[in-house]
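# Examining the three-dimensional arrangement
What follows is each chain in one-letter form.
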Amino acid sequence: MDQTVSIEKPPARLGSRIHGGLLALVLLLVFNALVTPNFLQLQTLFVNISQVATIAIVAMGMTLVIATGGIDLSVGAVMALAGALAPLIFLSEFGVAYPALGVAVAFILPLIVAGFCGLFNGAMVAVLGIQPIIATLILFISGRGIAQVLTNGNLQTFSNPAFSYLGTGKILGLPFQGWLALAIACVLFLTITRTTWGRYLLAVGGNERAAFLSGGPVRRVKIGAYVICAVLSGLAGLIVVAINSASDAARNGNLMELDAIAAAVVGGALLQGGRAPIFGAILGAIIIQLVKYTLLANGVEDEVALIAKALIIVAAVWIQQRRKA
Amino acid sequence: MLLSMTGIEKSFGGVPALRGAGIEIAPGEVHALIGQNGAGKSTLIKILTGVYRRDGGEISFAGHPSEVLSPREAQEAGIATIYQELNLVPLRSVTENVVMGYEPKAFGMLINWREAHRRTREILARFDIDIDVTAPLGSFSTAIQQLVAIARAVSLDAQMVIMDEPTSSLDAKEVEILFGVIRELKSQGVAVLYVSHFLDELFEICDRVTVMRDGQTITTRQLSETTKLDMIADMLGRNPDEVAAEGMTEFGGAAAKRGPVRLHAEGVATGPRLKRFDLTLHEGEIVGLGGLLGSGRTEAARALFGVDATQSGSIEIEGAPIRLEGPAEAISAGMGFLAEDRKAEGIIPDMSVRENLTLALLPKLASGGQIDFGREREIVERFIRTLGIKTADMDQPIRELSGGNQQKVLLARWLATEPEILILDEPTRGVDVGAKREIQAFVRDYVKKGFSVVLISSEFEEIVEGADRIIVMHEGRSVGELTNPGVTENMLVSALAQHGEGGAEWTRQ
């Protein structure tokens, strides 16, 4: 989706951008259908949806941050932090004594903590004027550290069906988190296209000086983007924990920042800001996930999959640069 | 002649920047190049140094036709440039900066640092500069950094050094040091092309001056046979016959009757560029800020709009003192500010005409954070029609519009908010003649409705004919006031020149 809210007539550029992504998707699907064993199974679809949902949710938040001209490296660490907190809460004395309340707090409190992480990032960038890469590097390093300290570095396993619904529940036969991602996308899309906040978001990314001189609340908009990104990361962290019925602070969300940035860029986000293609981010997430799946299902090493991911980012950025020129 | 450029032509996207411009410089001569902003000085220099390719004309340097294609080639040919923004690396040592790209090598690949330091000390000694060459360049004053840049240029056997506004960040003592270096260069037979807005300096250091205007070279004079008034007149291209031939602007000053006071500013200061600014603005009045570049016009506008924090002084709107913390507050206090730099501070290039036009109006277009698209389209349609904005449709990206139409969209951005006080900083810069007249007419209509305008323009014609009153500005101070009808450009020019000659305020203190 493009930044212009054209209801009647989408600009021509929109077409080519999405077509490139869709083409890649179709190619991946055809390739898998022909080559990968058991690809055309419902089970494969479920696995991929439940995997892609976390990437998509984080990538959408990342898209907002990138739209302001920033970047958020701390998303994986925030996932680990939120994911570590939830089991601590519902496994605590309080959580065991009041199971319903415990699960509710285990959902809400980690998201609030994640929100504060975003507030920290946003304040560093928008108030202190620190470069986004450096500002978010702080939590990138320390966030996971805090999560590991909280859990003493242990793997927390649990059995809590109510909480696990987040990762294993199904609606109309499809994984719950897939629906959740879709719902978030719709809300964000409407926010970007229909609200003043969304308009200011794109204006700040497009020309910060001009947005400021036109009365745009530049700081609030930027901080808002980082907060939303962090809350969505926290949610993704909870989903991962729910899927596994275990929280591993060392692995939860590891390298997620790369997946999310890649998905956002493949989806059409411009790194210099000014564009927030939310559904593009989902498409990007699907492509990233499918590439990963394709390689793994065909017996390629995990490490090689990383190289493939890097190549996708390079290709997407290269295409962006060519478009600009 | 060391350098001779004749008949140089250059246009950008069909807009001519240079039309038959030229300059001639003798060896060992210090030659000044002056002109208003946009006169074509930097374009001419960039063609000489290979940054731009010329469309036509001849250049010969040191007796050969010159075909430099890059700044590096220009440097090798003996033309060195000291830019306004020094292109040195402050965190690296003085030596590294001086020998960068030409490091003495040991064993063919390693840098021979001992030799490099020795050579740097030797080069600097020629200008009586004795500093620790191993210290980071950034630890020295701007003047020293500038001298290092010059030393670097000379070490590359430059026959000509181009200095673009070399004194703009120097204090009086440092200027003297720089002039000493220039005299040293001169005695070594090196020519200097000296670009500056500070006219008094030229008399002190330059031999001849070439004046540019509208992409053309107007005249070259001996400085010993010219006066500052001559130079200003040449720069502005103002003599009575020409004004009569060109006709009037769409403005017609002093038509309005003065209403009650709307805005009053007294003793406003924001820093070294704005030291003391007074302004009284009535309802239905256009007040112009007259002055040369660097006189604090734009800074005054930024202070009024709350962009720069005021250090002292007071601003009152409708009699009530007000302290604005940023543009958002200024807008809700009923102000608008069309910024000078359309690209950097005005348009959001990838956004549509519609989104650009309603950017400042956005808070009023929304309820509960939701944009009212119906009203938005209605307002945009109305402004596209009344301002005659040429656009395929309102969803076309603004970057695809011509400069004049972009400027109309930005003007509409502010008119749409119906500000009681509209500050216009160079509202017609870089737009074609047609759009210029239209914009002037809109502004006049707006004021007729009882709104007030503060007008800043480098074009004296626009200020003199457009404003009901003109505040004369100098070195960050408002120093006088002229009231229409009856103000002529010559009156404004001499008001400016007086302050230069008399109070020595034009020189750098």
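Preceding this section is the structure that the text describes.
Throughout this description, residue numbers start from 1 for each chain and increase along the sequence as written. Numbering of ligands from 1 and lettering of chains from A proceed in the order in which they are written. Thresholds applied to this predicted model are a pLDDT of at least 70 for local features of residues and 80 or more for the giving and counting of side-chain atom pairs; totals over whole chains, interfaces and linings are not thresholded and use all residues. The side-chain figures draw on all heavy atoms in the structure; neither hydrogens nor water molecules are used.

### Here's the deal with the interface of chain A and chain B
How big an interface is tends to be stated in terms of the accessible area lost upon association of its parts. The condition is simple: We call two residues in contact whenever any of their non-hydrogen atoms come within 4.5 Å of each other. Values labelled buried area give the accessible surface lost by two parts on being combined, using a 1.4 Å probe and summing over both. Definition used for salt bridges: Asp or Glu carboxyl oxygen within 4 Å of a side-chain nitrogen of Lys or Arg. Polar contacts here mean pairs of N or O atoms no more than 3.5 Å apart (in protein, one a potential hydrogen donor and the other a potential acceptor; neighbouring residues in sequence count only if both atoms are side-chain atoms). By definition, any uninterrupted DSSP run of H or I lasting at least four residues is a helix, any uninterrupted run of E lasting at least two residues is a strand, and each is numbered from the N terminus.
With 26 residues of chain A in contact, the opposing surface of chain B contributes 38 residues. Taken over both partners, the interface formed by chain A and chain B buries close to 2,500 Å², and the fraction arising from carbon and sulfur atoms is 57%. Counting the surface chain A buries against chain B, the share from its top three residues, Arg-199, Leu-213 and Ser-214 of chain A, is 28%. Applying the counting rule to chain A against chain B returns three salt bridges. Residues Arg-199 of chain A and Glu-376 of chain B are paired through a salt bridge, measuring 2.8 Å at the closest nitrogen-oxygen approach. Where chain A touches chain B, the interface holds nine residue pairs in polar contact (both at pLDDT 80 or more). Those elements that place two or more of their residues in the side of chain A that touches chain B are α8 (176-194), α9 (196-206) and α10 (208-213) of chain A. At six residues, the largest contribution of residues to the side of chain A that touches chain B is made by α9 of chain A.

### A look at the environment of Leu-411 of chain B
Considering the arrangement of structural elements, one finds Leu-411 of chain B in helix α16 (residues 403-415). With 24 residues separating them along the chain, Leu-411 of chain B and Leu-387 of chain B place their C-alpha atoms 9.2 Å apart.

### Re the sheet that holds strand β6 (residues 79-82) of chain B
All names here are of chain B. To keep it simple, the criterion reads: A pair of strands is labelled paired if DSSP reports no fewer than 2 bridges between them. In this analysis, axes come from line fits to C-alpha atoms, helices being fitted only over the stretch in contact, and the angle between any two N-to-C directions falls in the range 0 to 180 degrees.
Taking strand neighbours across the sheet as the criterion, the six strands line up as β6-β9-β10-β3-β11-β12 in an open arrangement whose pairing is mixed. Each edge of the open sheet carries a strand with a single partner, namely β6 and β12 (216-222). Pairwise comparison of adjacent strand axes, ignoring direction, gives a mean angle of 20 degrees for this sheet. Both strand β9 (residues 160-164) and strand β10 (residues 191-195) contribute to a ladder of five bridges, which runs parallel. Bridging from a neighbouring strand, Asp-164 pairs with Val-195 of β10. The strands touched by helix α5 (residues 142-155) are β6 and β9; relative to β6, the strand with the most contacts, the crossing angle is about 170 degrees. Here helix α8 (residues 228-236) sits on the sheet in contact with β3 (30-35), β11 (208-213) and β12, set at roughly 30 degrees to β11.

### A few points about helix α6 (residues 132-150) of chain A
Residue and element names in this part refer to chain A. Which entries qualify depends on this criterion: A helix is expected to reach a length of 1.5 Å times the quantity of its residues less one. The classification of residues rests on relative accessible area computed with a 1.4 Å probe and restricted to protein chains. Under 20% of the type maximum is buried, over 50% is exposed, and intermediate values are partly exposed.
Its 19 residues place the ends of α6 27 Å apart at the C-alpha level, agreeing with the 27 Å of an ideal helix rising 1.5 Å per residue. Among the residues of α6, Ala-135, Thr-136, Leu-139, Gly-143, Arg-144 and Ala-147 are the ones counted as buried. In this structure, the buried residues of α6 make contact with α3 (75-90), α5 (99-126) and α11 (218-244). Two residues or fewer past α6, Asn-152 is found with a positive phi of approximately 55 degrees.

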